[in-house]
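If you want the building blocks of each chain, they are given just below.
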Amino acid sequence: RQVNECKSVVQCFLLFHPLYLQMRFLLLFSRQGKLRLQKWFTPLTDREKKKVIRDMMMLVLARQPRSCNFLQWRDLKIVYKRYASLYFCAGLEDKDNELLALEVLHRYVELLDKYFGNVCELDIIFNFEKAYFILDEFLMGGEILETSKLAVGVSLEEADTLQEVY
């Protein structure tokens, strides 16, 4: 019965595995090293954030295209994935599941695709508030809040309707 209630791979994983995901940060940056979106789930000073951003860009952009999407940096696991001209990069606790993080990054891209219709870097640049809103509907405090694309889509439609009315 529980398998029939699963609407996605992420929901099934969370239902049958007591593991959870605790992200420290999520970064989106271009192949040219331009930061497009940043979300921090743990408090850091501006100086520390700039250092993390610089280190992530240097590490990820220097890797070969067919390299593994996971790497170790300090006490964190770094999971990244390239979609078109954007890199989606997440910093995880050492105990977290890398494959679940990769699935979370992919789900975020799916949500962006659903809203923007084949999302591109310009969509993120010119509609960054929507990209952050989608992320906030999906993740909260570095943990998965909502796994259903349908539920997030409904929230986005309601927010757009509310914005049009007022």
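The structure under discussion appears in the preceding block.
So, how was this worked out
- Residues numbered from 1 in each chain as written.
- Predicted model: local features only at pLDDT ≥ 70, side-chain atom pairs only at ≥ 80, totals over all residues.
- Heavy atoms only, no water.
- Core = buried A, V, L, I, M, F, W, Y, C linked by side-chain atoms within 4.5 Å.
- Buried < 20%, exposed > 50% of the residue type's maximum accessible area, 1.4 Å probe, protein only.
- Helix = DSSP H or I, 4+ residues; strand = E, 2+ residues; numbered from the N terminus.
- Contact = heavy atoms within 4.5 Å.
- Expected span 1.5 Å × (residues − 1).
- Polar contact = N/O pair within 3.5 Å; in protein donor to acceptor, adjacent residues only side chain to side chain.
- Phe/Tyr/Trp six-rings, centres within 6.5 Å; stacked < 30°, edge-to-face > 60°.
- Lys NZ or Arg CZ within 6 Å of the ring centre and 35° of its normal.
- Pairing = 2+ DSSP bridges.
- Axes fitted to C-alpha atoms, helices over the stretch in contact; angles between N-to-C directions.
- Parallel < 35°, antiparallel > 145°, perpendicular 65-115°, else oblique.
- Left-handed = near helix turned anticlockwise from the far one by under 90°.
- Nonpolar A, V, L, I, M, F, W, Y, C, P; charged D, E, K, R; others polar.

1. Comments concerning the nonpolar core
If you look at the biggest cluster of nonpolar residues, it comprises 29 residues, and the most contacted ones within it are Met23, Leu26, Leu28, Phe88, Tyr108 and Leu112. Elements with a contribution of two residues or more to this core: β1 (23–30), β5 (86–92), α4 (98–116), α6 (128–138) and α7 (149–165). Counting residues per element, this core draws most heavily on α4, at nine residues. The contact partners of Met23, leaving out residues within four places of it in the chain, are Phe41, Ala90, Gly91, Leu92, Val104, Leu139 and Gly142.

2. Things to note about α4
Between its first and last C-alpha, α4 extends 27 Å over 19 residues, near the 27 Å set by a 1.5 Å rise per residue. Two or three places before Leu99, at the opening of α4, Asn97 has a side-chain oxygen 2.8 Å from that residue's backbone nitrogen. Count one or two residues on from α4 and you reach Gly117, which has phi positive near 70 degrees.

3. Comments concerning the packing of aromatic side chains
All told, the structure shown has six aromatic pairs when counted by the stated rule. Cluster of aromatic residues (ring-pair linked, three or more members): Phe29, Tyr80 and Tyr87. Across the ring face of Tyr83, the terminal group of Lys81 is positioned such that the distance to the ring centre comes to 5.9 Å. If you follow Lys130 out to its NZ or CZ, it ends over the ring of Phe133, 5.8 Å from the centre.

4. Observations concerning the pairing of strand β4 (residues 76–83)
Relative to β4, strand β3 (residues 70–73) is paired through four bridges, and the arrangement is antiparallel. Bridged to Leu71 within β4 is Ile78. Turn length for the β3-β4 hairpin, with the two strands adjacent in sequence and antiparallel, is two residues, and the turn residue Arg74 shows positive phi of about 55 degrees. In this sheet, β5 lies alongside β4 in antiparallel orientation, the contact comprising seven bridges. Pairing of Lys81 across the sheet is with Phe88, part of β5.

5. Thoughts on the packing of α4 against α7
The interhelical angle for the contact between α4 and α7, taken along N-to-C directions, is 45 degrees, at an axis separation of 11 Å. Here α4 lies oblique to α7, going by the angle between them. The interaxial crossing formed by α4 with α7 has right-handed handedness. The segment α4 lies against α7, with Arg107, Glu110, Leu111, Lys114 and Tyr115 engaging Lys149, Leu150, Val152, Gly153, Leu156 and Asp160. For the contact of α4 with α7, the per-class residue count stands at five nonpolar, one polar and five charged.

So yeah, pure geometry; function would need other evidence.
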